[in-house]
Amino acid sequence: MGPPDTLNMTKSNCYQEIFSVVSRIPKGRVATYGQVALLAGLPRKVRLVGYALSAVRNYLPIPWHRVVNAKGQISSRFEESPAEELQRLRLEDEGVIFDARDCIPLIHYQWHPEQKQR
DNA sequence: CAATTGACGCCCA
DNA sequence: TTGGGCGCCAATT
């Protein structure tokens, strides 16, 4: 079971695009699922983003924790998952502050890829 | 091959 | 303001 450093579980270009976008989110910033879908060129396939992220493995260098829903909250998994807690811890570790309603003020933390780094 | 399932987002009551 | 419902469509079973 060679731990692949490549996304060998990726079976489509959709996933590649999604992971590519997520990988560009800077530390300490967040992007919404809809935003990622848009940037990946998949305007209405918002749910596919969440689907793709669920396939991400821990050893893969993808900052999946920087993707939150449109309200700025950490999206609930199917069932209560430690991943949700981990996501919050990672974000706080990057300097993201949650408000009293467990929301991340997108007005302040949302990523704005002004110029595509090329 | 057909049905079900999502780590969502938007609309409307 | 908040909650419920529906649309999206690839992936999975």
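These figures come from a predicted structure and were not determined experimentally.

Criteria and cut-off values
Residues numbered from 1 in each chain as written. Chains lettered and ligands numbered in written order. Predicted model: local features only at pLDDT ≥ 70, side-chain atom pairs only at ≥ 80, totals over all residues. Heavy atoms only, no water. Buried < 20%, exposed > 50% of the residue type's maximum accessible area, 1.4 Å probe, protein only. Helix = DSSP H or I, 4+ residues; strand = E, 2+ residues; numbered from the N terminus. Arc of directions from axis to C-beta. Contact = heavy atoms within 4.5 Å. Phe/Tyr/Trp six-rings, centres within 6.5 Å; stacked < 30°, edge-to-face > 60°. Lys NZ or Arg CZ within 6 Å of the ring centre and 35° of its normal. Core = buried A, V, L, I, M, F, W, Y, C linked by side-chain atoms within 4.5 Å.

Asker: Explain helix H3 (residues 46–53) to me, and be specific about the residues and the numbers.
Answerer: Looking only at H3, the buried set comprises Val 49, Ala 52 and Leu 53. Buried residues along H3 cover an arc of 95° about the axis, so they all sit on one side. Exposed residues pointing more than 90 degrees away from the buried face of H3 are listed as Arg 47 and Tyr 51. For H3, the secondary structure elements touched by its buried residues are helix H1 (13–23), helix H2 (33–39) and strand S2 (67–68).

Asker: I'd love a proper account of the packing of aromatic side chains, names of residues and values included.
Answerer: This model, assessed by the stated rule, comprises one aromatic pair. Considering the side-chain rings of Tyr 15 and Phe 19, the 6.0 Å spacing of their centres and the 80° angle between planes classify their relative orientation as edge-to-face. Residue Tyr 15 and its partner Phe 19 are located together in helix H1, separated by four residues, close to a single helical turn. For the pair Tyr 15 and Phe 19, one class covers both residues: buried. Above the plane of the ring of Phe 98 lies Arg 88, whose end atom (NZ or CZ) is 4.2 Å from the centre.

Asker: Please give an account of the nonpolar core that cites residues and values.
Answerer: In terms of nonpolar packing, the biggest core is built from 22 residues, with Ile 18, Phe 19, Val 22, Val 36, Val 49, Leu 53 and Val 67 touching the most fellow members. Elements that contribute at least two residues to this core include exactly H1, H2 and H3. Take this core: its biggest share by element is five residues, from H1. If near-sequence neighbours (up to four positions away) are discounted, Val 22 is found in contact with Val 36, Leu 53, Ile 62, Pro 63, Trp 64 and Val 67. Within the second largest apolar cluster, nine residues are counted, among which are Val 68, Val 96, Phe 98 and Ile 104.

Asker: Give me the lowdown on the environment of Tyr 109, citing residues and values where you can.
Answerer: If you trace the backbone, Tyr 109 turns up in helix H5 (residues 106–109). As for Tyr 109 and Ile 97, which are separated by 12 residues in sequence, their C-alpha atoms are 8.9 Å apart.

These values are about where atoms sit, not about what they do.
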